[in-house]
Amino acid sequence: MTPTDITMDIGATGLVDAIDRTRYAMAKQVPSVADELATNYGPLVLTAHEQADLRIFLDEMLRRRMGILEAQL
């Protein structure tokens, strides 16, 4: 993905906004992963172990995103 793709996909207004949204997600949203995820077919219930694994995965994914975005500064 390019920085432009990321910016558009997450609905950011520009590169700085995309970086700010990603930082917020890493700081506030990832640590608060709930015990279930909303899907189009209803909630997907996660075990405590799965929640921890999901937090690790999301953190790694967002770090990769941040690397792509920050490379454009």
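The notes below deal with the structure included here. (Residues numbered from 1 in each chain as written. Predicted model: local features only at pLDDT ≥ 70, side-chain atom pairs only at ≥ 80, totals over all residues. Heavy atoms only, no water.)

Let us look at the overall build of the protein. Tallying secondary structure elements over the protein gives 3 helices and 2 strands in all. The N-to-C order of helical and strand elements in the protein reads α-α-β-β-α. Taken across its 73 residues, the protein has 25% of its residues classed as buried. Partitioning the intrachain contacts of the protein with sequence separation of at least 6 by distance along the chain shows that 54% fall at a separation of at least 24. Surface exposure of the protein reaches about 5,200 Å², of which carbon and sulfur atoms provide 57%. Separation between the mean location of the 7 positive side-chain charges and that of the 11 negative ones in the protein comes to 6 Å. (Helix = DSSP H or I, 4+ residues; strand = E, 2+ residues; numbered from the N terminus. Buried < 20%, exposed > 50% of the residue type's maximum accessible area, 1.4 Å probe, protein only. Contact = heavy atoms within 4.5 Å. Areas by Shrake-Rupley, 256 points an atom, 1.4 Å probe, with all protein chains shown as cover. Lys, Arg positive; Asp, Glu negative; His and termini not counted. Charge placed at Lys NZ, Arg CZ, Asp CG, Glu CD.)

A separate point is the packing of helix H2 (residues 15–29) against helix H3 (residues 48–70). Their axes nearest at 10 Å, the elements H2 and H3 cross at an angle of 160 degrees. Taken as axis vectors, H2 and H3 run roughly antiparallel relative to one another. For the pair H2 and H3, the crossing hand works out as left-handed. Residues Leu-15, Ala-18, Ile-19, Thr-22, Arg-23, Ala-25 and Met-26 of H2 pack against Asp-59, Leu-62, Arg-63, Arg-65, Met-66, Leu-69 and Glu-70 of H3. Considered class by class, the residues forming the contact of H2 with H3 number 8 nonpolar, 1 polar and 5 charged. (Axes fitted to C-alpha atoms, helices over the stretch in contact; angles between N-to-C directions. Parallel < 35°, antiparallel > 145°, perpendicular 65-115°, else oblique. Left-handed = near helix turned anticlockwise from the far one by under 90°. Nonpolar A, V, L, I, M, F, W, Y, C, P; charged D, E, K, R; others polar.)

Of the pairings in the sheet, the one linking strand E1 (residues 36–39) to strand E2 (residues 42–45) comprises 4 bridges and is antiparallel in character. Within E2, the position partnered with Ala-38 by the bridge is Pro-43. Adjacent in sequence and paired antiparallel, E1 and E2 are bridged by 2 residues. (Pairing = 2+ DSSP bridges.)

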